[in-house]
Amino acid sequence: MEPQFPDFPKEEFEDRYRRARAMMQAAQLDALLATERLNYQYFSGHRSEQNAVDKIRPYMFILPKDDEPVLITMPFEVAQIEATCHVGKIRTTGALTGHPEFVANVLREAGLSRARIGAELGREQYLGISHAGFSEIVKSLPQAEFVDAADIFLECRVEKSPREIECCRRAARISATAQKEALSLIHAGMTENEVAQVLRERLIAGGAEKISLLCVVSGPVDDRGIVLLPTERRISRGETVGFDVGVSWKGYWSDLARTASVGEPSAELDEFYSWMMELRHDCNMQLREGNSPADVIRVVDRRLKKRNMRTMGVGRIGHGVGLDTTEYPSLAAFERMVFRRGMTFACNPNFANHLGFINAEDNWAVSGKEPDLLSEPVAEARISTVAA
């Protein structure tokens, strides 16, 4: 029976399986075992509210190289899975203990007791089961081989389909619109917590399903770094106030930032923000097919050298966005990869200094000659103002 309310049609997942299996064949893998919440969601289509908050129950997805996928979950999740997912083989356990043996038995049933199985053992990957539990699964299948499949998980998720990009676009527009509205509603004298509440209300009213990140930064920043968590500090005339926000729609996230002047900006702030936006534009224009993160870094290094400056020193100029607010790959010199159509990024050279946290982060998809802006309305080229 076909699901009534899937996020994506069946062919979307069939394409994910096809791409994963091609990489599995190249790596000589018989199966892929996804245990981390977002890898599980990517392959199964199951957006579980319980999985995000519950560490005691197993949620896993098994993709054999030449058989139907298998989903491991809880009995109380079956109704939602059948309504929203295309996976036919569902194995459930209501027990709160003994999960490793249950998972090992499911792998045996799938004919994988002697298989070479790819798991989340490498770069930027985390198991959705304890190390001890995973070790018990390995011990229960002595003739199977569990190997690192981090590259497969990363590569599958990095290149978004047109449907995924539209989800990212919706999340980005919700955030961009809400942040612009919030800037028109706040004023000097409000606390950062009060500002955050205004922003939170506009995000939810605009359709945000979840909020992963909600930062409000006001005033000058010293060498100790930024206080991103909103506090009872009051914003004052002549300062800056900034947002950095992550929201989702249908499980896909955006990551956007905006900075505004409380009252009319000083000449110094006006000039610095405009320069930062020019730098940002040059960086964004590097997000083209065939370019690489190194091309972005070269633009930044060249402009900073002319101004005898540096960025915040966080090690990168941006990152991917998708099923996570921040995900692979980093826009950093160490990334040895080439931009391909469908990759989605938050690119934001930003600065923290006596003027404040100066940032204007939008989201883009690699598409043809110029990147596709996902986050309309885009950050203003000149710094916005809030009521003083």
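For the structure itself, look to the data block above.
Residues numbered from 1 in each chain as written. Predicted model: local features only at pLDDT ≥ 70, side-chain atom pairs only at ≥ 80, totals over all residues. Heavy atoms only, no water.

K.L.:
Sorry if this is basic, but what is going on with the sheet that holds strand E3 (residues 70–73) here?
P.N.:
Paired through backbone hydrogen bonds, the strands of a sheet run either parallel or antiparallel to each other. With mixed pairing, six strands are arranged side by side in an open sheet as E4-E3-E2-E1-E5-E6. Looking at the sheet topology across the chains shown, the edges are occupied by strand E4 (89–92) and strand E6 (145–148). Taking the axes of each pair of neighbouring strands and ignoring which way they run, one obtains an average angle of 25 degrees across the sheet. Pairing geometry for strand E5 (residues 116–119) and E6, over four bridges, is parallel. Opposite Ile-117, over in E6, you have Phe-146 as the bridge partner. (Pairing = 2+ DSSP bridges. Helix = DSSP H or I, 4+ residues; strand = E, 2+ residues; numbered from the N terminus. Axes fitted to C-alpha atoms, helices over the stretch in contact; angles between N-to-C directions.)

K.L.:
What should I look at first to understand the packing of aromatic side chains in this one?
P.N.:
To describe a pair of aromatic rings, you give the distance between the ring centres and the angle between the ring planes. Counted by the stated rule, this structure contains 13 aromatic pairs. Ring centres 5.8 Å apart and planes at 25 degrees place the aromatic pair Tyr-17 and Phe-61 in the stacked group. Linking Tyr-17 in helix H1 (residues 10–26) with Phe-61 in strand E2 (residues 60–64), this pair joins segments that are 44 residues apart in sequence. Take Phe-61: its relative accessible area is 1%, and that puts it in the buried class. With centroids separated by 5.5 Å and ring planes inclined at 50 degrees, the aromatic side chains of Trp-275 and Phe-351 adopt a geometry described as tilted. Residue Trp-275 is found in helix H9 (residues 267–284), and its partner Phe-351 is found in strand E13 (residues 351–353); the two are separated by 76 residues along the sequence. Exposure remark for Trp-275: the relative accessible area of 9% places this residue in the buried category. Judged by relative accessible area, which is 2%, Phe-351 ranks as buried. Counting every residue linked through ring pairs, the aromatic cluster contains Tyr-17, Tyr-42, Phe-43, Phe-61 and Phe-153. The aromatic ring of Phe-13 is capped on one face by Arg-16, whose charged end is 4.8 Å from the ring centroid. (Phe/Tyr/Trp six-rings, centres within 6.5 Å; stacked < 30°, edge-to-face > 60°. Buried < 20%, exposed > 50% of the residue type's maximum accessible area, 1.4 Å probe, protein only. Lys NZ or Arg CZ within 6 Å of the ring centre and 35° of its normal.)

K.L.:
What exactly am I supposed to notice about the environment of Ala-379 here?
P.N.:
Within the secondary structure, Ala-379 sits in the loop between strand E16 (372–373) and strand E17 (384–386). Overall, the relative accessible area of 7% leaves Ala-379 in the buried class. Taking the C-alpha atoms as reference, Ala-379 lies 43 Å from Ala-27; in sequence the two are 352 residues apart. When near neighbours in sequence (up to four residues on either side) are disregarded, Ala-379 contacts Arg-258, Tyr-273, Met-277, Arg-280, Ala-360 and Asp-362. (Contact = heavy atoms within 4.5 Å.)

K.L.:
What am I meant to see in the nonpolar core here?
P.N.:
For soluble globular proteins, the rule of thumb is that nonpolar side chains tend to be buried together. Of all hydrophobic cores here, the largest spans 61 residues; its most connected members are Leu-32, Phe-43, Phe-61, Ile-186, Leu-203, Val-241 and Phe-243. Excluding anything up to four places from it in sequence, Ile-186 contacts Val-195, Val-198, Val-241, Phe-243, Val-386 and Ala-387. Within the second largest apolar cluster, 33 residues are counted, among which are Phe-272, Phe-345, Cys-347 and Ala-360. (Core = buried A, V, L, I, M, F, W, Y, C linked by side-chain atoms within 4.5 Å.)

K.L.:
Just checking my understanding: could you explain the packing of helix H2 (residues 37–44) against helix H6 (residues 150–158) for this structure?
P.N.:
Two numbers describe a pair of packed helices, the interaxial angle and the distance between the axes. Running from N to C, H2 and H6 cross one another at 55 degrees; their axes reach a closest spacing of 11 Å. If you check the angle between H2 and H6, you find them oblique. Our pair here, H2 against H6, has a crossing hand that is left-handed. Of H6, the residues touching H2 (which contributes Leu-38, Asn-39, Tyr-42 and Phe-43) are Phe-153, Cys-156 and Arg-157. Looking at the contact of H2 with H6 residue by residue, the class counts come to five nonpolar, one polar and one charged. (Parallel < 35°, antiparallel > 145°, perpendicular 65-115°, else oblique. Left-handed = near helix turned anticlockwise from the far one by under 90°. Nonpolar A, V, L, I, M, F, W, Y, C, P; charged D, E, K, R; others polar.)

In short, shape yes, function no, at least from these values alone.
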